[in-house]
Amino acid sequence: MKTELLSRESAIKKVLLITFFLNITVALIKLFAGIQFDFLSLRSSGIESLFDGSSNILGLITIAIAAKPSDRRHNYGHYKFENLGALIIALMLFGSSIKLGIDYHDFVFSGEQARGLFGAIPILSILISIAVSAFVSSYEGRKGRELNSKILIADSGHTFGDMVISIGVLISIVCAKFEIFIVDYIVGGLIIFYLFYLAIQITLDNLNDLLDVSPVIKVRYLKALEDMQYVRDIHEFRARGNTTWMQIDFHLLLDPKLSLTKAHEISHEVEDRLRSLLKDYCRDIDILIHIEPDDETHED
């Protein structure tokens, strides 16, 4: 398991490093073009890309911590640090949307609005940004699902938000050529609402794991365990975790005539069967079984 954790950590770090350099490159291009050609939306989009780069650094830190094996103080491992990192990204996303909201408020209600200079460089810079953001979001999302990484999936959503912003900026730049500045106001408002929505989705997805909300375990899985020989019933079933890690415990009622050795053997068979049923759902499962005799003297 330790080797698997280190391999997963290395794979996630590789993804984050690649996306970090891409995000920083795009941010510098947009900031340069925005400052040189006086486009407020382009400068704001460059700042947003810097947030993407900083979230990659945060991801590298949290993944390094989450990959640590269990120890005396963290008996169940460090998995939840990954959820914590994703929540921090959500907070950064909230902060980005608020910052953009303030910028657009000043832009709309300012007495002297800056008028961007339409040109090939602003258009090219935002097209590069859209292409890179689309690649990064797709790449991180695919790797996040492949590696069961909350931090990569959250960062993928963050980068997708940056792509949406870039599309809005492109529309604003094109419309600025024809002096249709109202489009900038409309697009800016839609972008802000979308970023808020994205931050809320990431928060809810990761908050459930931190609050130990039970994952959905299909009833047919439990029925498959109860159909095993000597098993009379399964109850007090509890589970917490997600597709990366999960802890499960339950009471297993067995034929009271079984010897302790046989009962112990059957409990291992039940555990192996449950792991097999959940192998495509969760990567790391910790199962605790409480064995009980199914007779009249039985009490939970």
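Anything mentioned here points back to the structure above.
Residues numbered from 1 in each chain as written. Predicted model: local features only at pLDDT ≥ 70, side-chain atom pairs only at ≥ 80, totals over all residues. Heavy atoms only, no water.

**Comments concerning the sheet that holds strand β3 (residues 284–293)**
- Pairing is mixed across the open sheet formed by 3 strands, whose spatial order is β1-β2-β3. Either end of the sheet is taken by a strand with one partner, and the two such strands are β1 (231–241) and β3. Going from strand to strand, the sheet's axes swing by 15° on average, the running direction of each strand aside.
- Across 8 bridges, β1 lies against strand β2 (residues 245–254) in antiparallel orientation. For A239, the partnering residue across the bridge sits in β2 and is I248.
- Its contacts with the sheet put helix α8 (residues 260–278) on β1, β2 and β3, and the angle it makes with β3 is roughly 145°. (Pairing = 2+ DSSP bridges. Helix = DSSP H or I, 4+ residues; strand = E, 2+ residues; numbered from the N terminus. Axes fitted to C-alpha atoms, helices over the stretch in contact; angles between N-to-C directions. Contact = heavy atoms within 4.5 Å.)

**A few points about the environment of W245**
- Looking at the element boundaries, W245 is found in strand β2.
- Separated by 38 residues in sequence, W245 and R283 place their C-alpha atoms 6.2 Å apart.
- If we ignore the near neighbours within four places in the chain, the residues touching W245 are Y79, K80, N83, R240, C282 and D284.

**A short note on unusual backbone geometry**
- Its identity is not glycine, yet Y230 carries a phi of approximately 80°, on the positive side.
- With respect to the helices, strands and loops of the structure, Y230 is situated in the loop between α7 (219–226) and β1.
- Backbone geometry places E236, a non-glycine residue, at a positive phi of 55°.
- In this structure, E236 sits in strand β1.

**Topic: the nonpolar core**
- Residues F39, L42, L93, V169 and I173 are the most contacted members of the largest nonpolar core, which totals 23 residues.
- Residue assignment for this core shows that the elements contributing at least two residues are α3 (80–109), α4 (120–147), α5 (150–177) and α6 (182–210).
- Membership of the second largest hydrophobic core comes to 22 residues, among which are V231, I234, L278 and I289. (Core = buried A, V, L, I, M, F, W, Y, C linked by side-chain atoms within 4.5 Å. Buried < 20%, exposed > 50% of the residue type's maximum accessible area, 1.4 Å probe, protein only.)

**Side note on α7**
- Of all the positions in α7, only Y221, A224 and L225 are classed as buried. Across the axial projection of α7, the buried residues extend over an arc of 100°, all falling on one side. Residues of α7 that are exposed and angled more than 90 degrees away from the buried face: V219 and R220.
- Where α7 is buried, its residues contact β1 and α8. (Arc of directions from axis to C-beta.)

**Quick word on the environment of L124**
- As for its placement among the helices and strands, L124 is situated in helix α4.
- A relative accessible area of 52% means that L124 is categorised as exposed.
- Expressed as a C-alpha distance, the spacing of L124 and K30, which sit 94 residues apart in the sequence, is 9.6 Å.

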